[in-house]
Amino acid sequence: MAEHGAHITTASVDDQPSIFEVVAQDSLMTAVRPALQHVVKVLAESNPAHYGFFWRWFDEIFTLLDFLLQQHYLSRTSASFSEHFYGLKRIVAGSSQQLQRPASAGLPKEHLWKSTIFLVLLPYLKVKLEKLASSLREEDEYSIHPPSSHWKRFYRAFLAAYPFVNMAWEGWFLTQQLRYILGKAEHHSPLLKLAGVRLGRLTAQDIQAIEHRLSEASAMQDPVRSVGEKIKSALKKAVGGVALSLSTGLSVGVFFLQFLDWWYSSENQETIKSLTALPTPPPPVHLDYNSDSPLLPKMKTVCPLCRKTRVNDTVLATSGYVFCYRCVFNYVRSHQACPITGYPTEVQHLIKLYSPEN
């Protein structure tokens, strides 16, 4: 037991990082996404004309930037951004020759692309799957799809199976981490094993080699080349510059982003509500639309979208206008805006009203 306890806090003979180091680097990029997402959300709500695009396509833009960042570090330091931040590197498993390979040489092409897929593409697909499950759960709860829909049976089967699949996925990672703590595995994550690499600490020679490569790249003068080669070189330098700028910005603001992630976490919501509890403001008055606007029906019981008597009255918290639930749900999910005022709106802003008639 003493040997197992020592493995938790100290490195092993082959300089294997401790569980605290590998978990810390895993949580770094996990904390960056929601923090940046909140910043983009605030910007989009304050100026939807300029920043609404970034909010609508946040997942795709973040994935593209993350791809450039991880490619830059994997090809130059043999590590992802978060791994390099904590002084770690990726070593090709089961190869004695790769143990002598300097980190500055980058990962071999096969392992580089495998690592990129598991670092960038897999988290993107997981986020999209979670959003799909949440959307289908809301649609099923409020019966957005008609009872005769052929997809309804598939939706319900997916919603019933998703929690168990997610539990099995998280349990797989937890089991691997427990085996890593007890010294029974050299990978703390199953994805590292699938990529054919393991984590190790950067040595003094690795750090010197990385710094030497950076100094050589900045001092090297390119010989005379063709226009195509110059364009290709310029694009490569631009991509490297973007990745370097992102890494520098993240290095400076990483702790601030982690603070934002904690501040807006679900565990801290009760504290935030008690500190920022304010009375609900009245619905905003949009100057472009008055009571005589053709977008608004004459009768207050008519839905502005379908022009029929409202069914399941639902008010938008962002504008105060009332619609049929099905009408406004489909509109907001497609356009992320109020149909009348154009204010940025999400499905979470729908408030269903209950009246004696209902």
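In this report, the structure presented in the accompanying data block is examined. Remember, predicted model here, so these are calculated numbers, not experimental data.

What follows deals with the pattern of salt bridges. Per the counting criterion, the structure on display carries 11 salt bridges. When the shortest N-O distance is used, the salt bridge between arginine 33 and aspartate 59 registers 3.3 Å. With arginine 33 in helix H2 (residues 19-46) and aspartate 59 in helix H4 (residues 58-77), this pair connects stretches of sequence that are 26 residues apart. With relative accessibility at 14%, the residue arginine 33 sits in the buried group. With its nearest N and O atoms 3.2 Å apart, the salt bridge here joins lysine 128 to glutamate 60. Separated by 68 residues along the polypeptide, lysine 128 in helix H7 (residues 109-141) and glutamate 60 in helix H4 bring together distant segments of the chain. Taken together, the shared-partner salt bridges connect Arg33, Asp59, Glu60, Lys128 and Lys131 into one network.

This paragraph deals with the environment of glycine 52. Among the structural elements, glycine 52 can be located in helix H3 (residues 48-56). For glycine 52, a relative accessible area of 7% gives the class buried. Taking the C-alpha atoms as reference points, glycine 52 and alanine 337, 285 residues apart in sequence, are found 9.9 Å from one another. Not counting residues within four places of it along the chain, the set of residues in contact with glycine 52 comprises Ala44 and Asn47.

The subject of this paragraph is the packing of aromatic side chains. Overall, the coordinates contain 11 aromatic pairs when judged by the stated rule. Measuring from centroid to centroid gives 5.6 Å for tyrosine 73 and phenylalanine 81, while their planes differ by 70°, and the two rings are edge-to-face.

Moving on to unusual backbone geometry. A positive phi angle is found at serine 78, which is not glycine, with a value near 60°. One can find serine 78 in the loop between H4 and helix H5 (81-85). One non-glycine residue, arginine 307, lies in the positive phi region at around 60°. Checked against the element boundaries, arginine 307 lands in the loop between helix H12 (269-275) and strand E3 (313-316). By relative accessible area, arginine 307 is classed as partly exposed at 41%.

Here we come to the sheet that holds strand E5 (residues 350-352). Pairing is antiparallel across the open sheet formed by 3 strands, whose spatial order is E4-E3-E5. Taken across any chain shown, the strands that pair with only one partner, and hence form the sheet edges, are strand E4 (322-324) and E5. Across the sheet, the mean angle separating the axes of adjacent strands is 40° when strand polarity is ignored. When E3 meets E5, the two strands line up antiparallel, connected through 3 bridges. Each residue of the ladder has a partner; that of leucine 316, found in E5, is leucine 350. Across the face of the sheet, helix H13 (residues 325-335) comes into contact with E3, E4 and E5 while running at roughly 100° to E4.

Moving on: the pairing of strand E2 (residues 197-201). Note on strand geometry: in a regular strand, side chains alternate between the two faces of the sheet. The buried fraction of E2 amounts to 4 of the 5 residues, a majority that puts the element mostly inside the structure. Sheet topology note: the strand E1 (residues 88-92)/E2 ladder contains 5 bridges and is antiparallel. The partner of valine 92 across the bridge, within E2, is valine 197.

With respect to the helices and strands, the residue serine 115 is situated in helix H7. A residue is classified by how much of its surface remains accessible, and serine 115, at 0% relative accessible area, is buried. In this structure, serine 115 is in contact with Leu74, Arg90, Leu107, Ala195 and Val197, ignoring residues within four places of it in sequence.

Conventions used here
- Residues numbered from 1 in each chain as written.
- Predicted model: local features only at pLDDT ≥ 70, side-chain atom pairs only at ≥ 80, totals over all residues.
- Heavy atoms only, no water.
- Salt bridge = Lys/Arg side-chain N within 4 Å of Asp/Glu carboxyl O.
- Helix = DSSP H or I, 4+ residues; strand = E, 2+ residues; numbered from the N terminus.
- Buried < 20%, exposed > 50% of the residue type's maximum accessible area, 1.4 Å probe, protein only.
- Contact = heavy atoms within 4.5 Å.
- Phe/Tyr/Trp six-rings, centres within 6.5 Å; stacked < 30°, edge-to-face > 60°.
- Pairing = 2+ DSSP bridges.
- Axes fitted to C-alpha atoms, helices over the stretch in contact; angles between N-to-C directions.

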